[in-house]
Amino acid sequence: MGIGGISIWQLLIILAIVLLLFGTKRLRNLGGDLGSAIKGFKSAMKDGETPKNLEDKQEELTAAEGDLKTADATTKTEQNKS
């Protein structure tokens, strides 16, 4: 028995399906974006945000979302070529 009644084999099957659906490059990009978002959140909590800092963070988040959409479009284009 694994976590909450899920065995290790079931977890491995789920991982394989996720890798097949999204691909390793897309998951890597998503992980990096998530990590930078968490890092930014932690630093914001330490700094005690000012209104100017909030605007800067919003711009960074908007840029990160654009990067994620670009990576998603690239992945879809690569899948369509296959």
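Residues numbered from 1 in each chain as written. Predicted model: local features only at pLDDT ≥ 70, side-chain atom pairs only at ≥ 80, totals over all residues. Heavy atoms only, no water.

Caption draft 1: Representation of the overall build of the chain. When helices and strands are counted, the chain shows three helices and zero strands. Taken across its 82 residues, the chain has 4% of its residues classed as buried. Carbon and sulfur atoms form 65% of the exposed surface of the chain, whose accessible area is close to 7000 Å². (Helix = DSSP H or I, 4+ residues; strand = E, 2+ residues; numbered from the N terminus. Buried < 20%, exposed > 50% of the residue type's maximum accessible area, 1.4 Å probe, protein only. Areas by Shrake-Rupley, 256 points an atom, 1.4 Å probe, with all protein chains shown as cover.)

Caption draft 2: A look at the packing of helix α1 (residues 8-22) against helix α2 (residues 24-47). For the pair α1 and α2, interaxial distance at closest approach is 6 Å and the crossing angle is 95 degrees. In terms of axis orientation, α1 runs roughly perpendicular to α2. Contact residues: Val18, Leu19 and Phe22 in α1; Thr24, Arg26 and Leu27 in α2. (Axes fitted to C-alpha atoms, helices over the stretch in contact; angles between N-to-C directions. Parallel < 35°, antiparallel > 145°, perpendicular 65-115°, else oblique. Contact = heavy atoms within 4.5 Å.)

Caption draft 3: Representation of a nonpolar patch on the surface in the model. Together, Ile6, Ile8, Trp9, Leu11, Leu12, Ile14, Leu15 and Leu19 make up a nonpolar patch on the protein surface, roughly 760 Å² of accessible area in all. Taking the relative accessible area as the measure of exposure, Ile14 reaches 45% and is therefore partly exposed. (Patch = residues over 30% accessible without salt bridge, like charges linked within 9 Å, V, L, I, M, F, W, Y side chains within 5 Å. Salt bridge = Lys/Arg side-chain N within 4 Å of Asp/Glu carboxyl O.)

Caption draft 4: Region of interest: the environment of Lys57. Examined against the element boundaries, Lys57 turns out to sit in helix α3 (residues 51-81). Given the relative accessible area of 26%, Lys57 is considered partly exposed. For the pair Lys57 and Phe41, spaced 16 residues apart in sequence, the C-alpha separation works out to 9.3 Å.

Caption draft 5: Structural context of α1. Compared with an ideal rise of 1.5 Å per residue, which puts 15 residues at 21 Å, α1 spans 21 Å between its outermost C-alpha atoms and is within 8% of the ideal. Positive backbone phi, approximately 85 degrees, marks Gly23, located one or two places after α1. (Expected span 1.5 Å × (residues − 1).)

Caption draft 6: Representation of the confidence of the model for the chain in the model. The pLDDT averaged across the chain works out to 77; a share of 70% of its residues lies at or above 70. Of all the helices and strands in the chain, α3 carries the lowest mean pLDDT, 67, while α1 carries the highest, 90. (pLDDT = per-residue confidence, 0-100.)

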